[in-house]
Amino acid sequence: MKTFMNEDFLLDNEMARMLYHRFAEKQPIFDFHCHLSPQEIDENRAFYNLTQLWLAGDHYKWRLMRMAGINERLITGDAPDKDKFLAFASCLPGFIGNPVYQWAHLELQKYFSIHTPIGPESAGEIWERTSAQMADGHFCARDLIRSSGVEAVITTDDPSDDLHFHRKMRAEITDFRVLPCFRADNVIHLENAGFREYLGRLGTAAGLEICNLETLEDAVTKRLDFFVDNGAVAADMSVADFPQKGTRNQAAGALEKVLAGSVAEQEEIAAYQFELLAFIGESLARRGMIWQLHCGVIRNLNPVLYAKAGPDCGCDSVGNTIDIEHAAALLAQVEQSSGLPRTMVYTLNPGAYYPIATLLGDFAGKTRGRLQLGAAWWFLDHADGIREQLRLTALTGSLGFFNGMLTDSRSFVSYARHDYFRRVLCSVVGAWVENGLYPNDPALLGRLIENICYRNPKNYFQLEDREVTQ
């Protein structure tokens, strides 16, 4: 019987153990997509207990607590911090096999050197031991990034953001980089409540009045250039599905209706979204930037919970498989106009893996791994989901060019998820080697593992100071 979550956790063959401990374990982290707060990094926010560090803003943990019937006051409400942690710990043993169970223990081990299983009996002791370790204030944002071996962090920032904290950090922090990312969701989704008010803020930031499609595109261009001037190398946007292509007149008409206080038809909304996605994709290509597209998620499905706790509270779900023909039309238009930028497409529905991966292969060329199926994302970033994404990436393209794991978190200790991913990666590759599907060549294997864990994403995001070798 194996020891509970020991140093060989998830490493289920001898080759996996060698690959992890020799090559993967100590690789730096390039965090190319996360939701960390630039303000908290700039101000070097300190955390003094596990509720502040773990539970504030973590909708993964909130979902588990709701499933256990815990009162919302102990989840997102005004209950004392200790009571919230004790409530979380009380229900955690019931979630055997859930990745949150495993991540919580990895974080406890990695950042506190505590190997005690979390449960109602141990919760008080764990609270006291961790609080004592955090009492002097050294569990702060920047130190947690440094101690995690993070070389660069790319946050998600609205186009109207003044990037004040990014500009400050650029001058102050020298041992790791914090870069903004142009998160364009609020520009694309004109069907959302408050869209007109948002365009007012965007226009103010761009220094112009947005009154039609042309002035909106001018505003997006100005803000994109501002982001580039402040270190941005990527843009990111999320859609439930890829919209159907319409006409530019339909897109302009949809915007004009919304600006006038009316409601656009679904076909007009789709035409608008397609037009803006294509415009941004072309703009990124001309600036040598990266396009990250997230699809297959439906958000804010529980109206009661959403009204109480707001967005990102844990009431989103896996969406339908995407319309691959609409996706193909979008990629084709950008390719014909400007050439596609380096593009990563993530999906929350694993049924879309094969269609997306093979579609991206249709547009390959120019540079190595230019278009990629993104890492197992959100509800898929557990061991089974990661294995499936790695397997599909290998079967339809090149695992050796893959950019590896993203954090996609608001927590400064979620870097344990990179360790989790690396263990799964080494187990998958190790099994292939042990089954004679790949050479047992330590030098070759070492380059493969190190590239996926670190060098590939750094090179892809053009922050690599040397060429990647295979």
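All figures in this text were calculated on a predicted structure; none of them were measured in a lab.

Draft legend 1. Spotlight on the layout of surface pockets. Here the largest pocket is characterised by a volume of approximately 1400 Å³. Going through the elements one at a time, helix H4 (59-67), helix H10 (185-188), helix H11 (195-206), strand S5 (234-239), helix H14 (266-287) and strand S7 (297-298) are the ones with two or more residues in the lining of the largest pocket. Residues belonging to the lining of the largest pocket are distributed by class as follows: 17 nonpolar, 14 polar and 12 charged. For the second largest pocket, the lining is made up of 24 residues, of which Tyr-20, Glu-25, Lys-110, Asp-419 and Arg-423 are closest to its centre. Elements with a contribution of two residues or more to the lining of the second largest pocket: helix H1 (14-24), helix H6 (99-112) and helix H19 (416-434). In terms of residues, the lining of the second largest pocket owes the most to one element, H19, which gives 5 residues. Among the residues forming the lining of the second largest pocket, the class breakdown is 8 nonpolar, 9 polar and 7 charged.

Draft legend 2. Examining empty space enclosed by the protein more closely. Scanning all chains against the criterion turns up 2 cavities of 30 Å³ or more. As a volume, the largest cavity reaches approximately 50 Å³. What lines the largest cavity is Phe-242, Ile-322, Ile-324, Ala-327, Leu-331, Val-345, Ile-356, Leu-359 and Leu-360. Every element with two or more residues in the lining of the largest cavity is listed here: helix H16 (324-337) and helix H17 (353-362). For the lining of the largest cavity, a count of residues per class yields 9 nonpolar, no polar and no charged. Looking at the second largest cavity, its volume works out to about 30 Å³. Lining the second largest cavity are Asp-58, Tyr-60, Lys-61, Val-100, Trp-103, Ala-104, Glu-107 and Arg-417. Going through the elements one at a time, H4 and H6 are the ones with two or more residues in the lining of the second largest cavity.

Draft legend 3. Representation of helix H20 (residues 442-460). Largest kink in H20: about 65°, centred on Asn-451. In terms of burial, H20 is largely enclosed, as 14 of its 19 residues are buried. For H20, the N-terminal capping position is held by Asp-441, with its side-chain oxygen 3.1 Å away from the main-chain nitrogen of Ala-443. Among the residues trailing H20, Gln-462 stands out with phi positive, at a value near 60°.

Draft legend 4. Structural view of the state of the cysteines. All chains considered together, the criterion is met by 0 disulfides. Of all cysteine sulfurs in the structure, the one in Cys-181 sits closest to Cys-34, which takes part in no disulfide; the separation is 9.6 Å. For Cys-313, which is in no disulfide, the shortest distance to another cysteine sulfur is to Cys-315 and amounts to 3.6 Å.

The rules behind each value
Residues numbered from 1 in each chain as written. Predicted model: local features only at pLDDT ≥ 70, side-chain atom pairs only at ≥ 80, totals over all residues. Heavy atoms only, no water. 1 Å grid on protein atoms, 1.4 Å probe; cavity = no way out; pocket = protein on both sides within 12 Å on 5 of 7 lines; lining within 4 Å. Points joined across faces, edges and corners; volume = space filled by probe spheres on them. Helix = DSSP H or I, 4+ residues; strand = E, 2+ residues; numbered from the N terminus. Nonpolar A, V, L, I, M, F, W, Y, C, P; charged D, E, K, R; others polar. Bend = angle between axes of the 7 residues up to and from the residue. Buried < 20%, exposed > 50% of the residue type's maximum accessible area, 1.4 Å probe, protein only. Polar contact = N/O pair within 3.5 Å; in protein donor to acceptor, adjacent residues only side chain to side chain. Disulfide = S-S within 2.5 Å.

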